[in-house]
Amino acid sequence: MRASDQKLTESLEAGSRVTAHTTRVGGQDVTEQVQSWQLERSYSTDLPDAMRAFSGSSAAQLQLQLSGTGGTSAPALYSPWAPRSTGDAARPGQSVVHSYGTDAGTLPAFRGSVRNRSASSGTDTVQLTALDGAERLHGPAELPKPYAGFYWRRPVATATWCVDELLRQAGLHSCPPPRYPEFSPTEPLTLVYASLHGGFAATYGQPEIVPDPRHYSWTRDGAPHEMALVPHAAAPDTAAMTASWFPRSRVTVPGSRLLAEAWVNNAVGFGSTVALEMDLNRTGTSTGRLRLAFDFAAGKVYMHSGTREGGGWYFSWTFTALKEQRGVFHIGGVFDTVSSGTSVLPTVKPYLVAPDGTRYHGTATTFVDASAQQPSSELYQLRLVTQLATEAVQLTSGLPALPTLDEFDQRGRWTKEARLDDAILPLHTIPRVSGSQWEVITQIAKASMSTAEFDERGVFQWRNYTRFAKVPTAPDLTLTSVRDIASLTVTEEIDACRNYCVQPYKDWSSVAVAGGTTYNDTVVREVPGNSSVTLKYVLADEEFDVGPPNVDDDQSVAPGFSVRFAAVNAAGAAAVKGAVDILARREEGHLVLRFTNRTSQRLYTVSEDGKPSVHIQTLKPSKDPVERQATSWASGSTSEKYYGRQEYHAEASDWVQDYRAAQDLASAMRSAGQYPVPVLGEVEVLYDPRIQLGDVVRVVDSSGAALDTYAWVVGIKTQSSGPGTVQQTLTLRGTRTNGVPADSGLTPDTPSDRTPLPTGADYADVQADYPTLGDLTASRLTWREIKESGL
């Protein structure tokens, strides 16, 4: 239930219902102009009505009837042809905020936007229909297609991660968002953004190393914002959990200012360290490394420049807050590799925001030891190596200068507008989606028996079926026929009984990786100095994402997806490394590559033998997954005894890819439906603005149905047809059955009449009528006619 202040609570408990509401349209108060209003919320589901496992989405709809003001009619003010100065307040897409309550106070009831308006000429009425935050999710649904899941044969995401990603695309964030999501030649760019909200799949970038699911978990308890990756100490042969991502752009070193950051909770995990490492693709086989590490036990920050093979130099800074405080830290560090030469000694600077809100930064320091020098190279991948709960890993390039503490700290620059539940339905591959973001979220909700809704404040809520799996032990509110209930109807139906439940799933356990489509460029491309060239290659919807190509040199050649640059378009021209930023993105059925030359010399995409050097190799699953079934059923159960075997076969879905997840869903369905749960419909109650979807109410009816039970609120309809008049009607689903049938004193009739059927004529009867076979043959009677003649 929604929290209310003491004055409103006391007013409601005392039975006072002097109603009140406030309404704003386009930010303008139109409360006095509201003639009537109606607000509806309910879960949409394709499950049997009375099953306790409710699923689907809820999009609240508000209907308003407005009158005019100041002597001007409503159509003159708000119709589609009204002057923009007044009409824009009610245009489609305009904001609508509604609250209701009593004279003791009001509570938020609706926040959304106008869908349509209708002005009746000759009257003083304009009708508005508004939809809640679901209207914000009408953009096209797009989800990444990483190959790392079937490459490693491990989950790369969950259905929960996909919901969170669809929300993020619409601007609804559950944790700090990407700093620079859009490409602009003059602006910084987010290279990697991994929320870690139930998956290693990334908003920007592509997962490469995916850990074994036995060695980590996803948690909301203690997460910095909403959900975090928590490594387990059981990870073998390593002191920490490692995951990595390819960036969406392989930026060059020297040339970039790189900001690596994450949010961690040093009170959750099995150790005290977390590190972000950037691998650099140098000439030859050695790999450069820029490393940012926080050691909370030692109270130190380390920043290293060198190689992955072990060479290099590091600086350290001491911050006592790391050791003394427990909780959520925002950590980060900048590696400044901007240089006009072919190598650079980076300048480094760490940043952190402590749990108490205090912000710290270290003194910027430049390496001087030659072992820390980074020659020309490209960013290869970002690694997370952690012993602690970690969320919102991000890597940004192109910063114009070392950021200030204000620029590093993202507080106040975003609003949390989404809340998730525990991660469910692990995915080896992310299903293809189409339609709007809201349509796909609704699809996921139905497949996972979850609920999706925007609350009265406009915050999105995602809740799993586990929310309804346990019978509640205490109600949020008690409704009695003596005072609160005006009418109710209780129904029970056999169709609500489901005691044999089947959940199909796609089994990816035996699927490996195979080569997909290969593209070999047919033209040598020229990339002018300090300029960009964009290439497009057709990429089918079923093909998986690829990262930016690796840059070949004359000492090592990257297999598969690669490109080689040279200063001369000729065979034998020396390879050029660390000169071109390479961006890869999927766009409208194409793989788009953008080569940005960071030098003043012309470069060409030419191989050592003088041929075009752009090679693209996609990956795909080695075969289609096998569809299998998980079944929940108890032979000879009490439910079968009284109701017979009642089967429910869930619709096959690409969102269920794991046996355990499928079994859990099937068991939840059977637990919810093995006995038909009564439905309480059209429950007209004494108006209470605190009631929300999903609340548990105790219903006590001593006047008619003689019941005392708990029920979930799955539908609310509140309407006012005039000042001071409010009617509220609830739809409730019982939280439990009314008990196992006893059939006391009853002897139910059998399914079929057990009285023996007449046997008809026997042999002696036939012989008496037809003494010989000739007599029987001459009668020309059928055997049925002969038998029945003796009835």
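This text gives an overview of the structure that appears in the document. Keep in mind that this is a model prediction, so the values were computed, not measured.

Now for the overall build of the protein. For the protein, the helix and strand inventory stands at 13 helices and 49 strands. Out of the 791 residues belonging to the protein, those deemed buried represent 53%. The long-range share in the protein, meaning contacts at least 24 apart out of those at least 6 apart in sequence, stands at 74%. Working note: accessible area of the protein is about 33800 Å², and carbon and sulfur atoms make up 47% of it. Taken together, the 71 basic and 87 acidic charged side chains of the protein have centroids lying 5 Å from each other.

One pass over the structure, following the stated rule, counts 24 aromatic pairs. Between Phe200 and Trp218, the ring centres sit 5.2 Å apart and the planes meet at 55°, which makes this aromatic pair tilted. One end of the pair, Phe200, is in the loop between strand 10 (189-194) and strand 11 (206-209); the other, Trp218, is in strand 12 (residues 216-219), and 18 residues separate them in sequence. Judged by its relative accessible area of 1%, Phe200 falls in the buried class. Summarising the aromatic geometry, the rings of Tyr519 and Tyr537 are spaced 6.3 Å apart at their centres and angled 45° between planes, so their arrangement reads as tilted. In this pair, Tyr519 is assigned in strand 35 (residues 513-520) and Tyr537 in strand 37 (residues 532-538), connecting sequence segments 18 residues apart. With a relative accessible area of 10%, Tyr537 lands in the buried category. Aromatic rings pair up to connect Trp37, Tyr100 and Tyr687 into one cluster. Between Arg250 and the ring centre of Phe246, over which it is positioned, the NZ or CZ distance is 5.0 Å.

Moving on, we get to the pattern of salt bridges. In the structure shown here, the tally under the stated rule is 32 salt bridges. In this structure, Glu277 engages Arg291 in a salt bridge whose closest nitrogen and oxygen atoms are separated by 2.8 Å. One end of the pair, Glu277, is in strand 17 (residues 257-281); the other, Arg291, is in strand 18 (residues 287-295), with 14 residues separating them in the sequence. Overall, Glu277 belongs to the buried group, its relative accessible area being 5%. Arg291 sits in the partly exposed class, given a relative accessible area of 24%. Among the charged side chains, a network of salt bridges with common partners joins Glu277, Asp279, Arg289, Arg291, Arg308 and Arg383.

Here the focus is a nonpolar patch on the surface. Together, Tyr151, Trp152 and Val513 line one region of the surface with nonpolar side chains, adding up to about 250 Å² of accessible area. Here Tyr151 lies in helix 4 (residues 148-152). Taking the relative accessible area as the measure of exposure, Tyr151 reaches 42% and is therefore partly exposed.

To continue, consider the nonpolar core. Among the nonpolar cores identified, the biggest contains 98 residues, and Trp245, Phe460 and Trp655 are the most heavily contacted of them. Ranked by residue count, the leading element in this core is strand 17, at eight residues. Other than its neighbours up to four places away in sequence, Trp245 contacts Val192, Ala194, Leu196, Phe200, Ala202, Gln206, Pro207, Glu208, Gln381, Leu382, Leu384 and Val393. Val25, Val30, Leu77 and Tyr100 belong to the second-largest nonpolar core, a separate cluster that totals 23 residues.

All right, on to the sheet that holds strand 40 (residues 580-587) then. Strand order in this open sheet of four strands is 15-40-41-37, and the pairing throughout is antiparallel. In the strand order of this sheet, the two ends are held by strand 15 (249-250) and strand 37, each with one partner. Looking at chain direction, strand 40 and strand 41 (residues 590-597) are connected through eight bridges and run antiparallel. Bridging from a neighbouring strand, Ile582 pairs with Phe595 of strand 41.

Okay, helix 5 (residues 159-169) next. Across the eleven residues of helix 5, ten count as buried, placing the element largely inside the fold. Buried residues in helix 5 make contact with strand 9 (157-158), strand 10, strand 28 (418-419), strand 29 (426-427), helix 8 (437-448) and strand 31 (460-463).

Criteria and cut-off values
- Residues numbered from 1 in each chain as written.
- Predicted model: local features only at pLDDT ≥ 70, side-chain atom pairs only at ≥ 80, totals over all residues.
- Heavy atoms only, no water.
- Helix = DSSP H or I, 4+ residues; strand = E, 2+ residues; numbered from the N terminus.
- Buried < 20%, exposed > 50% of the residue type's maximum accessible area, 1.4 Å probe, protein only.
- Contact = heavy atoms within 4.5 Å.
- Areas by Shrake-Rupley, 256 points an atom, 1.4 Å probe, with all protein chains shown as cover.
- Lys, Arg positive; Asp, Glu negative; His and termini not counted.
- Charge placed at Lys NZ, Arg CZ, Asp CG, Glu CD.
- Phe/Tyr/Trp six-rings, centres within 6.5 Å; stacked < 30°, edge-to-face > 60°.
- Lys NZ or Arg CZ within 6 Å of the ring centre and 35° of its normal.
- Salt bridge = Lys/Arg side-chain N within 4 Å of Asp/Glu carboxyl O.
- Patch = residues over 30% accessible without salt bridge, like charges linked within 9 Å, V, L, I, M, F, W, Y side chains within 5 Å.
- Core = buried A, V, L, I, M, F, W, Y, C linked by side-chain atoms within 4.5 Å.
- Pairing = 2+ DSSP bridges.

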